[in-house]
Amino acid sequence: MDLKDSGIFRLMSDKMAWHNQRQEVLSKNISNADTPEFRPHDLVKFDFKKQLRETARMPLAGGENGHLSGTIVSKTGFKDGQERNPYETAPAGNAVVLEEQMMKVGQNAMEYQTVTNLYRKQVGMLKTAMTPPR
Amino acid sequence: MAIPISGAAAAYASAATRGLSAPSRSGPTEGPSFGDMLESAVGQSIQTMHKGEEMTAKGVLGKADLADVVNAVTNAEVTLQAVVNVRDKVISAYQEILRMPM
């Protein structure tokens, strides 16, 4: 039994993967807090419908070994975007504001915790429904 | 998720009409029968579960107030536990009847 067959669990694990990747991006920003000409990155906001559309895109089928596979790259991660208008830029061109990044990290952690709690609740309900009659 | 639940509801409904409404028709009371009561309770429980799932999805997407999400999920959990407990009671009562000496 794969929990991902059910819509709500797929949604929740997708969201958790998004938070996971966002944490990576934010830590990369923080570790580059003093790199010249570095602009902070952030993930595009999580949108389930957009996510579905991304995964529903089909690759080109090839009949022979030598056929080209088309130009659509199959992406595994979520979309990563550079900050368009950063809050402030240092003279060296670095645009990372540590306070801002820390706020984002905190928000990310909080939302992740919310999703894990909801996940636990849903799994608990499934288990309740599966208990044999006493 | 939704398909087995509605299937169970249909099974409950058919059981209620087949097994329980027949004796109530012959009885002198005119109020809603035990079967009707059970059916409406089960229907309400299913609605609560659906609401819990919907609010979970909204909460994950950040489209709902967190307090509402917690409320709905807790409601769903408690309702499910109540339903499971009632089911256990019914089954144990049935087994008790089966064990009765003829």
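Residues numbered from 1 in each chain as written. Chains lettered and ligands numbered in written order. Predicted model: local features only at pLDDT ≥ 70, side-chain atom pairs only at ≥ 80, totals over all residues. Heavy atoms only, no water.

1. Section: the nonpolar core
In step 1: Ranked by internal contacts, the top residues of the largest apolar core, which has 24 residues, are Met-12, Leu-118 and Met-125 of chain A together with Val-60 of chain B.
In step 2: Every element with two or more residues in this core is listed here: α1 (7–31) and α3 (98–130) of chain A together with α2 (34–60) and α3 (66–98) of chain B.
In step 3: Per element, the largest residue contribution to this core is seven residues, and it comes from α1 of chain A.
In step 4: The two domains that each donate at least three residues to this core are domain 1 (35–61) and domain 2 (65–101) of chain B.
In step 5: Setting aside its immediate chain neighbours within four residues, Leu-118 of chain A contacts Met-12 of chain A together with Thr-56, Val-60, Val-69 and Val-73 of chain B. (Core = buried A, V, L, I, M, F, W, Y, C linked by side-chain atoms within 4.5 Å. Buried < 20%, exposed > 50% of the residue type's maximum accessible area, 1.4 Å probe, protein only. Helix = DSSP H or I, 4+ residues; strand = E, 2+ residues; numbered from the N terminus. Domains from an automatic or database assignment. Contact = heavy atoms within 4.5 Å.)

2. Focus on α3 of chain A
In step 1: Here α3 of chain A is 33 residues long and its end C-alpha atoms lie 48 Å apart, about the 48 Å a rise of 1.5 Å per residue gives.
In step 2: Among the residues of α3 of chain A, those classed as buried are Gln-101, Lys-104, Asn-108, Val-115, Leu-118, Gln-122, Met-125, Leu-126 and Thr-128 of chain A.
In step 3: Buried-residue contacts for α3 of chain A involve α1 and β1 (41–43) of chain A together with α2 and α3 of chain B. (Expected span 1.5 Å × (residues − 1).)

3. Some words on the pattern of salt bridges
Oppositely charged side chains may form a pair once their charged atoms are brought near each other.
Residue and element names in this part refer to chain A.
In step 1: Counted according to the given criterion, the structure contains seven salt bridges over all chains.
In step 2: For Lys-15, the salt bridge identified is with Glu-111, shortest N-O distance 3.9 Å. In this pair, Lys-15 is assigned in helix α1 and Glu-111 in helix α3, connecting sequence segments 96 residues apart.
In step 3: Asp-42 serves as the salt-bridge partner of Arg-22, at 3.1 Å between the closest nitrogen and oxygen. With Arg-22 in helix α1 and Asp-42 in strand β1, this pair connects stretches of sequence that are 20 residues apart.
In step 4: On the basis of relative accessible area, Arg-22 is assigned to the buried category, the value being 7%.
In step 5: One network of salt bridges, with partners in common, ties together Arg-22, Asp-42 and Lys-104. (Salt bridge = Lys/Arg side-chain N within 4 Å of Asp/Glu carboxyl O.)

4. Structural notes on the packing of α2 of chain B against α3 of chain B
If you want to describe how two helices pack, look at the angle between their axes and the distance between the axes.
Residues and elements named next belong to chain B.
In step 1: Packing of α2 against α3 brings their axes to within 8 Å, and their N-to-C directions diverge by 145 degrees. Helix-helix and strand crossings are classified by hand; for α2 and α3 the assignment is left-handed. Across the interface between the two elements, Ser-45, Thr-48, Met-49, Lys-51, Gly-52, Met-55, Thr-56 and Gly-59 of α2 pack against Asp-68, Val-69, Ala-72, Val-73, Asn-75, Ala-76, Thr-79, Leu-80 and Val-83 of α3.
In step 2: Here the contact of α2 with α3 is built from residues that sort into eight nonpolar, seven polar and two charged. (Axes fitted to C-alpha atoms, helices over the stretch in contact; angles between N-to-C directions. Left-handed = near helix turned anticlockwise from the far one by under 90°. Nonpolar A, V, L, I, M, F, W, Y, C, P; charged D, E, K, R; others polar.)

5. Remarks on the side chain of Glu-77 of chain B
In step 1: Within the secondary structure layout, Glu-77 of chain B lies in helix α3.
In step 2: A polar atom in the side chain of Glu-77 of chain B sits 2.9 Å from the side chain of Lys-121 of chain A.
In step 3: With residues up to four places along the chain from it excluded, the contact list for Glu-77 of chain B reads Lys-121 and Met-125 of chain A. (Polar contact = N/O pair within 3.5 Å; in protein donor to acceptor, adjacent residues only side chain to side chain.)

6. Some remarks on the packing of aromatic side chains
Each pair of aromatic rings is reported with the distance of its centres and the angle of its planes.
Residues and elements named next belong to chain A.
In step 1: Summed over the entire model, instances satisfying the criterion amount to two aromatic pairs over all chains.
In step 2: With a centroid separation of 5.4 Å and an interplanar angle of 80 degrees, the aromatic rings of Phe-9 and Tyr-119 are classed as edge-to-face. Of this pair, Phe-9 sits in helix α1 while Tyr-119 sits in helix α3, placing them 110 residues apart in sequence. (Phe/Tyr/Trp six-rings, centres within 6.5 Å; stacked < 30°, edge-to-face > 60°.)

7. Quick look at the packing of α1 of chain A against α3 of chain A
Residues and elements named next belong to chain A.
In step 1: Where α1 contacts α3, the axes come no closer than 10 Å and their chain directions differ by 160 degrees. One element, α1, and the other, α3, form an angle in the roughly antiparallel class. At the point where α1 passes α3, the crossing takes the left-handed sense.
In step 2: By residue class, the composition of the contact of α1 with α3 is 14 nonpolar, eight polar and four charged. (Parallel < 35°, antiparallel > 145°, perpendicular 65-115°, else oblique.)

8. Focus on the domain arrangement of chain B
Residues and elements named next belong to chain B.
In step 1: Each domain of chain B was delimited in the assignment, giving domain 1 (35–61) and domain 2 (65–101).
In step 2: Look at where the C-alpha atoms of domain 1 and domain 2 centre, and you get two points 13 Å apart.
In step 3: The interface of domain 1 with domain 2 comprises eight residues on the first partner and nine residues on the second.
In step 4: The contact between domain 1 and domain 2 buries some 650 Å² in all, and 86% of this surface belongs to carbon and sulfur atoms.
In step 5: When residues of domain 1 are sorted by the area they lose upon contact with domain 2, Thr-48, Met-49 and Met-55 head the list and together hold 59% of the total.
In step 6: Remark: the boundary between domain 1 and domain 2 carries zero salt bridges. (Buried area = accessible area lost by both parts, 1.4 Å probe.)

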